[in-house]
Amino acid sequence: MEENVKKENTESEHSEIKAESKEATTVVPEKEEPVDAGKQDSAGKTDFKEETTFQEKTTSQEETTFQEETTSQEETTSQEETTSAGESASTEENRDKIKKLKRTQLITFSLMILSLVLIILSPRLPGSDTFYFVVNITSILFFVAMAVITLCVTYSISRLTKVKGLAKGIKIATIAVVILGSLRWLVTVGLIGILFIGSMFEKVEVYDDVNEYAQYMSFNIDMEDKDSDRKWIKWGMDETIWPEQITKSMTVQDYKMVYYNPWDSQFLGYLVVDYNDEDYAKELERLKEYPSTNYIGYYSVKEETTHELLAVYADPYNGFVYALADKNNKNRIIYAEEIFCNYYMDLKYEKYIPKEYLLDGFDATEDNPYRESHM
């Protein structure tokens, strides 16, 4: 009985729990309030106006955007046209510049070649050493100036034109010509430098042993003998005024032969001989038969009065060979020579020969007036 009561209570509790659960899960729909027809119509109109306004704004924005894009395109087109016109004008201006530069380039390059030819040919031009020096220096300076201008113009052309081949070719040709011209100049300067340095160390050679007289005279030089010392040729001057040899009957009072070659060969010599009466007469006759040349005026030489001039061979460029009868000593003859080139002697000849053995007025110093008149 009790068990049946418990079962019924339990079943009753389960039924209540289920009923509560159903109530909890069941949604009760809210009641809808009735909508006013007037309000609904007003809301519809408002929505329509908002849509219309939105469409108008959208259309206006689109039109504005289109106009802006059109204006931007027109401005861009205008700018492109302006740029194109500017580029066209610039291109035309560059063409004119290039034409002028090419013309200048051709002229300067031609003048550079002409100056190089003049430099090469200048030693063969007639005229004095001064004329040669002026022509040579002027040609070198002009050559350098034209080379610099040509290279500068070539560089300017290469910057203005897209065609680099011609400009490069002219540049290479200019550099080649400059090198060619510089080589000759450098060789000349190098030789002068070597000679200058050599002249600083060149010693004056003095020979005073009369027993070796013959080997210092040009008329004893055998040109066919390779072993002969050809430095004693003495610029082709005729030394036959001097005795052919030293004989036993001669009394040599003084003798000296000087050789100096800092740049070019220079010679200075004298021989003082006392003769007996017979030999003196023979020597006077021989000397007076010698075909003497003019000597007055060369290197400021005046007519000889200090001693009696017996014979003379004078060259307006290379100097003198002569024989003097000493007025202060009976039967004494003074043979002397001063042989050189370039219108002066580097040798300080006053140190090596007594003044009375020189011809009257003789001046072969570096700044002598005779040289100045011929330079």
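What counts and what doesn't
- Residues numbered from 1 in each chain as written.
- Predicted model: local features only at pLDDT ≥ 70, side-chain atom pairs only at ≥ 80, totals over all residues.
- Heavy atoms only, no water.
- Patch = residues over 30% accessible without salt bridge, like charges linked within 9 Å, V, L, I, M, F, W, Y side chains within 5 Å.
- Areas by Shrake-Rupley, 256 points an atom, 1.4 Å probe, with all protein chains shown as cover.
- Salt bridge = Lys/Arg side-chain N within 4 Å of Asp/Glu carboxyl O.
- Helix = DSSP H or I, 4+ residues; strand = E, 2+ residues; numbered from the N terminus.
- Buried < 20%, exposed > 50% of the residue type's maximum accessible area, 1.4 Å probe, protein only.
- Pairing = 2+ DSSP bridges.
- Axes fitted to C-alpha atoms, helices over the stretch in contact; angles between N-to-C directions.
- Contact = heavy atoms within 4.5 Å.
- Lys, Arg positive; Asp, Glu negative; His and termini not counted.
- Polar contact = N/O pair within 3.5 Å; in protein donor to acceptor, adjacent residues only side chain to side chain.
- Phe/Tyr/Trp six-rings, centres within 6.5 Å; stacked < 30°, edge-to-face > 60°.
- Core = buried A, V, L, I, M, F, W, Y, C linked by side-chain atoms within 4.5 Å.
- Expected span 1.5 Å × (residues − 1).
- Arc of directions from axis to C-beta.

A.B. asks: Can you break down a nonpolar patch on the surface residue by residue, with the values?
C.D. replies: Where nonpolar side chains cluster on the molecular surface, the patch consists of Ile113, Val117, Ile120 and Leu121 and spans about 290 Å² of accessible area. With respect to the helices and strands, leucine 121 occurs in helix 2 (residues 37-121). A relative accessible area of 39% places leucine 121 in the partly exposed class.

A.B. asks: Explain the sheet that holds strand 4 (residues 308-315) to me, using residue names and the numbers behind them.
C.D. replies: Hydrogen bonding along the main chain pairs the strands of a sheet, whether they run parallel or antiparallel. Strand order in the open sheet formed by six strands is 1-2-3-6-5-4, with antiparallel pairing between adjacent strands. The open sheet has two free edges, formed respectively by strand 1 (205-207) and strand 4, since each of these has just one partner strand. In this sheet, neighbouring strand axes are inclined to one another by 10° on average, regardless of whether the strands run parallel or antiparallel. Bridge count for strand 5 (residues 319-325) against strand 6 (residues 332-339) is seven bridges, and the pairing is antiparallel. Bridging across to strand 6, alanine 325 finds its partner in isoleucine 333. Relative to strand 6, helix 5 (residues 277-288) is tilted by about 35°, and along the sheet it contacts strand 4, strand 5 and strand 6.

A.B. asks: Mind laying out the side chain of aspartate 326, listing which residues take part and the relevant values?
C.D. replies: Relative to the helices and strands, aspartate 326 is located in the loop between strand 5 and strand 6. Of the side chains with opposite charge, arginine 332 comes closest to the buried, unpaired aspartate 326, at an N-O distance of 4.2 Å. At 2.8 Å, the side chain of aspartate 326 forms a polar contact with the backbone nitrogen of asparagine 328. What aspartate 326 contacts, discounting residues up to four positions off in sequence, is His307, Arg332 and Ile334.

A.B. asks: Break down the pattern of salt bridges for me, citing the residues and quoting the values.
C.D. replies: Any two side chains of opposite charge can pair if their charged atoms end up close together. Enumeration according to the criterion identifies six salt bridges in this entry. For the salt bridge of glutamate 205 with lysine 231, the shortest nitrogen-to-oxygen distance reads 2.7 Å. Separated by 26 residues along the polypeptide, glutamate 205 in strand 1 and lysine 231 in the loop between strand 1 and strand 2 (251-260) bring together distant segments of the chain. For arginine 286, the salt bridge is made with glutamate 283, and the minimal N-O distance between the two is 2.7 Å. Of this pair, arginine 286 and glutamate 283 both sit in helix 5, three residues apart, which is roughly one turn of that helix. Of the residues examined, glutamate 283 reaches a relative accessible area of 10% and is grouped as buried. Connected through shared salt-bridge partners, Lys234, Glu239 and Glu337 make up one network.

A.B. asks: I'd like a description of the environment of tyrosine 322, backed by residues and values.
C.D. replies: Relative to the helices and strands, tyrosine 322 resides in strand 5. For tyrosine 322, a relative accessible area of 0% gives the class buried. When near neighbours in sequence (up to four residues on either side) are disregarded, tyrosine 322 contacts Ile241, Trp242, Leu309, Ala311, Val312, Ile334, Tyr335, Ala336, Glu338, Tyr357, Leu358 and Leu359. Engagement of the side chain of tyrosine 322 in a polar contact is seen with the side chain of glutamate 338, the distance being 2.8 Å. At 2.7 Å, the side chain of tyrosine 322 and the backbone oxygen of tyrosine 357 are in polar contact.

A.B. asks: Tell me about the packing of aromatic side chains, and name the residues and values.
C.D. replies: Inspection of every chain in the model, using the stated rule, returns 18 aromatic pairs. Joined through ring pairs, the aromatic side chains of Tyr298, Tyr299, Tyr317, Phe320, Phe340, Tyr343, Tyr349, Phe362 and Tyr370 make up one cluster.

A.B. asks: Can you explain unusual backbone geometry? Please cite residues and give values.
C.D. replies: The phi torsion of most residues other than glycine is negative, and most of the peptide bonds are trans. With phi around 65°, serine 300 is a residue other than glycine that occupies positive phi space. You can see serine 300 is positioned in the loop between helix 5 and strand 4. Overall, the relative accessible area of 27% leaves serine 300 in the partly exposed class.

A.B. asks: Account for the nonpolar core, with residues named and values stated.
C.D. replies: Core analysis: the biggest nonpolar cluster contains 29 residues, and Leu268, Tyr299, Phe320, Tyr322, Leu347, Tyr349 and Phe362 have the highest contact counts within it. Of all elements in the fold, only strand 2, strand 3 (266-274), strand 4, strand 5 and strand 6 reach the threshold of two or more residues within this core. Leave out the neighbours within four places in its chain, and leucine 268 touches Lys256, Met257, Val258, Glu337, Glu338, Leu347, Tyr349, Tyr352 and Ile353. Ranked by size, the runner-up nonpolar core spans 28 residues in total, among them Met217, Val321, Ala325 and Tyr335.

A.B. asks: Can you tell me about helix 5, naming the residues and giving the values?
C.D. replies: When the terminal C-alpha atoms of helix 5 are compared, their 17 Å separation across 12 residues agrees well with the 16 Å that a helix rising 1.5 Å per residue should span. Those residues of helix 5 that fall on the buried side of the exposure criterion are Asp279, Tyr280, Glu283, Leu284 and Leu287. The buried side chains of helix 5 occupy one side of the element, clustering within an arc of 140° when seen end-on. Of the exposed residues in helix 5, the ones pointing more than 90 degrees away from its buried face are Asp277, Glu278, Lys282, Glu285 and Lys288. Elements that come into contact with the buried residues of helix 5 comprise strand 4, strand 5 and strand 6.

A.B. asks: Break down the pairing of strand 5 for me, with residues and values.
C.D. replies: Every other side chain in a regular strand lies on the same face of the sheet, so the side chains alternate between the two faces. Counting buried positions along strand 5 gives seven out of seven residues, so the element sits mostly inside the fold. Burial along strand 5 is two-sided: the face carrying Gly319, Val321, Ala323 and Ala325 and the face carrying Phe320, Tyr322 and Leu324 are both buried. For strand 4 and strand 5, the ladder comprises seven bridges, and the chain directions are antiparallel. Bridged to leucine 309 within strand 5 is leucine 324. Hairpin connection, strand 4 to strand 5: the antiparallel pair is bridged by three residues.

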